[in-house]
Amino acid sequence: EDSTFQGNEATDGPGGGIRIENLTGEASVVRSSFLDNSAGGFSFGAGMFVQIPALTVQSSTFAGNTLPDGGIGISIGGAVPGPALIQNSTFDEASDDQYALYFSGLDSGQVSPTLDVLNSTIVGPGGLYVETNQGVVTVENTIIQATNGRAIATDAGAPITVSWSILSSPLDADIADGGNNRFSTDALLGALADNGGPTLTRLPNAASPAINGGDPAVVGAPEFDQRG
């Protein structure tokens, strides 16, 4: 909680900022920042690499991280890609042609591979990549802007359910349209900046389609945004 991991490097292996691998337990990241971390070689997760049964990331920012392979901000995967929640968080990555967020949806038979991305902003060469989705992945009330590729992609398995979200790329077979989405749309975001609160965020510009574009009957939304 309330921590910053900046300028760290994994020269040979995943997890430039943090690497967590365990067959039991869970991890949470709250109001924290992962900035300018890197992972070298054939590696994953420049900001964070996680291979545990459960992960929660809330009100946190991943930006400026670099690596040659998948999951610039976070890579969740391996033998135990358990239930993961990304909520009220910001990804602002620009490393090569990779995806800002990587999730292995392989069913290990130990923990159901589920991922929920809620109320978040993801900007990167690619947005969210799910490898072999044998579980359930949902994206709700989220902006995903790909600067050099697809907003959402999976190589096999079930499509990813998206609702009340703005994606820079079109609707395709990797996406199950849950309704009220805007595809092939620029969310018109401002630059990563201090917009109040403990972490940097990307504020929508005045003309952004995200403003007043959410579900007016939303249930279970957090009381506060990422800034608190």
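Up top you'll find the structure we're talking about.
Since we're looking at a predicted model, the values are computed, not measured. (Residues numbered from 1 in each chain as written. Predicted model: local features only at pLDDT ≥ 70, side-chain atom pairs only at ≥ 80, totals over all residues. Heavy atoms only, no water.)

Q: I would appreciate a short explanation of the overall build of the protein in the present structure.
A: A count of helices and strands for the protein gives zero helices and 24 strands. Computed over the C-alpha atoms, the radius of gyration of the protein is 16 Å, within 12% of the 17 Å expected from 2.2 N^0.38 for a compact globule of 228 residues. In terms of its C-alpha atoms, the protein occupies a principal-axis envelope of roughly 45 × 35 × 30 Å. For the protein, the residues scored as buried account for 53% of the 228 residues in total. A separation of at least 24 residues holds for 63% of the contacts in the protein among residues at least 6 apart in sequence. With the model as given, the accessible surface of the protein reaches about 9,500 Å², and the carbon-plus-sulfur share is 48%. Placing the 6 positive and 25 negative side-chain charges of the protein at their respective mean positions leaves the two points 6 Å apart. (Helix = DSSP H or I, 4+ residues; strand = E, 2+ residues; numbered from the N terminus. Rg over C-alpha atoms; globule rule 2.2 N^0.38 Å. Buried < 20%, exposed > 50% of the residue type's maximum accessible area, 1.4 Å probe, protein only. Contact = heavy atoms within 4.5 Å. Areas by Shrake-Rupley, 256 points an atom, 1.4 Å probe, with all protein chains shown as cover. Lys, Arg positive; Asp, Glu negative; His and termini not counted. Charge placed at Lys NZ, Arg CZ, Asp CG, Glu CD.)

Q: Whenever I open this one, the sheet that holds strand E13 (residues 99–104) confuses me. Can you help?
A: Through backbone hydrogen bonds, the strands of a sheet pair up, either in parallel or in antiparallel fashion. Read across the sheet, six strands follow the order E3-E7-E10-E13-E16-E19 without closing on themselves; strand pairing throughout is parallel. Because the sheet does not close on itself, it has two edges, and the strands there are strand E3 (18–21) and strand E19 (152–154). Pairwise comparison of adjacent strand axes, ignoring direction, gives a mean angle of 15° for this sheet. When strand E16 (residues 126–131) meets E19, the two strands line up parallel, connected through three bridges. The residue bridging Val130 from the neighbouring strand is Thr154, located in E19. (Pairing = 2+ DSSP bridges. Axes fitted to C-alpha atoms, helices over the stretch in contact; angles between N-to-C directions.)

Q: Just to check I follow, could you spell out the pairing of strand E7 (residues 48–51) for this structure?
A: Note on strand geometry: in a regular strand, side chains alternate between the two faces of the sheet. Residues Met48 and Val50 of E7 are buried on one face, and the alternating residues Phe49 and Gln51, pointing to the opposite face, are buried as well. The pairing of E3 with E7 spans four bridges and is classified as parallel. Counted as the bridge partner of Ile18 is Met48 from E7. Bridging between E7 and strand E10 (residues 74–76) involves three bridges; their strand directions are parallel. The residue of E10 that forms the bridge with Met48 is Ile74.

Q: Honestly, the pattern of salt bridges in this entry has me stumped. Any pointers?
A: Charged atoms that come close allow side chains of opposite charge to pair. Evaluated as defined, the whole model comprises seven salt bridges. The closest approach of N and O atoms between Asp2 and Arg31, which form a salt bridge, is 2.8 Å. Linking Asp2 in the segment before strand E1 (4–6) with Arg31 in the loop between strand E4 (26–30) and strand E5 (33–35), this pair joins segments that are 29 residues apart in sequence. Note that Asp172 and Arg150 form a salt bridge whose closest N and O atoms lie 2.9 Å from each other. Separated by 22 residues along the polypeptide, Asp172 in the loop between strand E21 (166–167) and strand E22 (175–177) and Arg150 in the loop between strand E18 (143–146) and E19 bring together distant segments of the chain. Here the salt bridges do not stand alone but share partners, grouping Glu1, Asp2 and Arg31 into one network. (Salt bridge = Lys/Arg side-chain N within 4 Å of Asp/Glu carboxyl O.)

Q: Please explain the sheet that holds E4 as it appears in this structure.
A: Overall, parallel pairing links the seven strands, which are arranged E4-E8-E11-E14-E17-E20-E22 in an open sheet. With partners counted over all chains shown, the strands left at the sheet margins are E4 and E22, one partner each. With direction set aside, neighbouring strand axes in the sheet form an average angle of 10°. Pairing of strand E11 (residues 84–87) with strand E14 (residues 114–118) involves four bridges; the strand directions are parallel. The residue of E14 that forms the bridge with Gln87 is Leu118.

Q: So what exactly am I meant to see when it comes to the nonpolar core here?
A: Inside soluble globular proteins, nonpolar side chains tend to come together where they are buried. Within the largest apolar cluster, 33 residues are counted, with the highest numbers of intra-cluster contacts made by Met48, Ile74 and Ile152. With three residues, the top contributor of residues to this core is E13. Apart from the residues within four sequence positions on either side, Met48 is in contact with Ile18, Ile20, Val29, Phe34, Leu55, Phe62, Gly73, Ile74 and Ser75. (Core = buried A, V, L, I, M, F, W, Y, C linked by side-chain atoms within 4.5 Å.)

Q: How do you make sense of the packing of aromatic side chains when you look at a structure like this?
A: Two aromatic rings, taken as a pair, are described by how far apart their centres are and by the angle between their planes. All chains considered together, the criterion is met by six aromatic pairs. Judged by centre distance (4.8 Å) and plane angle (10°), the ring pair of Phe34 and Phe62 falls under stacked. Of the two residues, Phe34 is situated in strand E5 and Phe62 in strand E9 (residues 61–63); the sequence distance between them amounts to 28 residues. Taken together, the ring pairs connect Phe5, Phe34, Phe62 and Phe91 into an aromatic cluster. (Phe/Tyr/Trp six-rings, centres within 6.5 Å; stacked < 30°, edge-to-face > 60°.)

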